Amino acid sequence: TPIQQQAVPAFAIFDDDRPTVTITVLIRWLLLFAWLAMTNYQQEHDSDWVAFNLLGAALGVANAHLTWRIVTRCPIAWHHALVLSLLELVVITAGLYTLNGFQNRFYVFYYPAMLGFSLMFPRWVSFGMLAAVIFLYVVMALTVSPTLSVAAYQEKVLFVRVITMVGIVAAGTMLMGWERA
């Protein structure tokens, strides 16, 4: 039939995750701005400062690449989003391990990163990522100096942070489950 013989138009990209990736890219720019502001405002310029800026710059370059793909209307597939989301989690984790461990306030960057991840990927992938992050975060809290202080009841703080991570990923996966149903 004539319809079957027609070529698929160039604008018809079926496996394009553009809307969700666009939102996460924009939010990531905001978070990168906050990361760099926290890193560079009234801070000593030591090796930790250099490491934090390099981590932020690496994530910025990767985010710029996806921004370019969005602006130029290049296809954006799930693997683009996965690589950048995992890089974001690695950068946050490396930042926590690099400076002050459990006492580092950059842990808050996990929350939007995990929400963005859970909005883009299936439940089993999201909870797998969550388990890995929780494991690394608890190990960091117990081993990287200064570690959490049981005398100061910081195990309660750790519990709240971990439960918040679980709640955020659960909310993201439930939201996506309802939208896809």
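Structure: above.
Keep in mind it's a predicted model, so treat the numbers as computed, not measured.

Chemist: Just give me the short version of the pattern of salt bridges, but keep the residues and values in it.
Modeler: Side chains carrying opposite charge are able to pair once their charged atoms draw close together. As enumerated under the stated definition, the model contains one salt bridge in all. Among the salt bridges present, the one from Arg28 reaches Glu88, with a minimum N-O distance of 3.1 Å. Remark: Glu88 occurs in helix 4 (residues 78-98) and Arg28 occurs in helix 2 (residues 18-40); sequence separation between them is 60 residues. We note that Arg28, like Glu88, is buried.

Chemist: Can you break down helix 2 residue by residue, with the values?
Modeler: Along its 23 residues, helix 2 runs 32 Å from first to last C-alpha, staying within 8% of the 33 Å computed at 1.5 Å per residue. Looking only at helix 2, the buried set comprises Arg18, Val21, Thr24, Val25, Arg28, Leu31, Leu32, Trp35 and Thr39. Close packing links the buried residues of helix 2 with helix 3 (47-71), helix 4 and helix 5 (110-120). Looking at the residues trailing helix 2, positive phi occurs at Gln42, about 50°.

Chemist: Quick rundown of the environment of Val90? Include the residues and the values.
Modeler: Checked against the element boundaries, Val90 lands in helix 4. According to the relative accessible area criterion, Val90 is exposed, its value standing at 52%.

The rules behind the values
- Residues numbered from 1 in each chain as written.
- Predicted model: local features only at pLDDT ≥ 70, side-chain atom pairs only at ≥ 80, totals over all residues.
- Heavy atoms only, no water.
- Salt bridge = Lys/Arg side-chain N within 4 Å of Asp/Glu carboxyl O.
- Helix = DSSP H or I, 4+ residues; strand = E, 2+ residues; numbered from the N terminus.
- Buried < 20%, exposed > 50% of the residue type's maximum accessible area, 1.4 Å probe, protein only.
- Expected span 1.5 Å × (residues − 1).
- Contact = heavy atoms within 4.5 Å.

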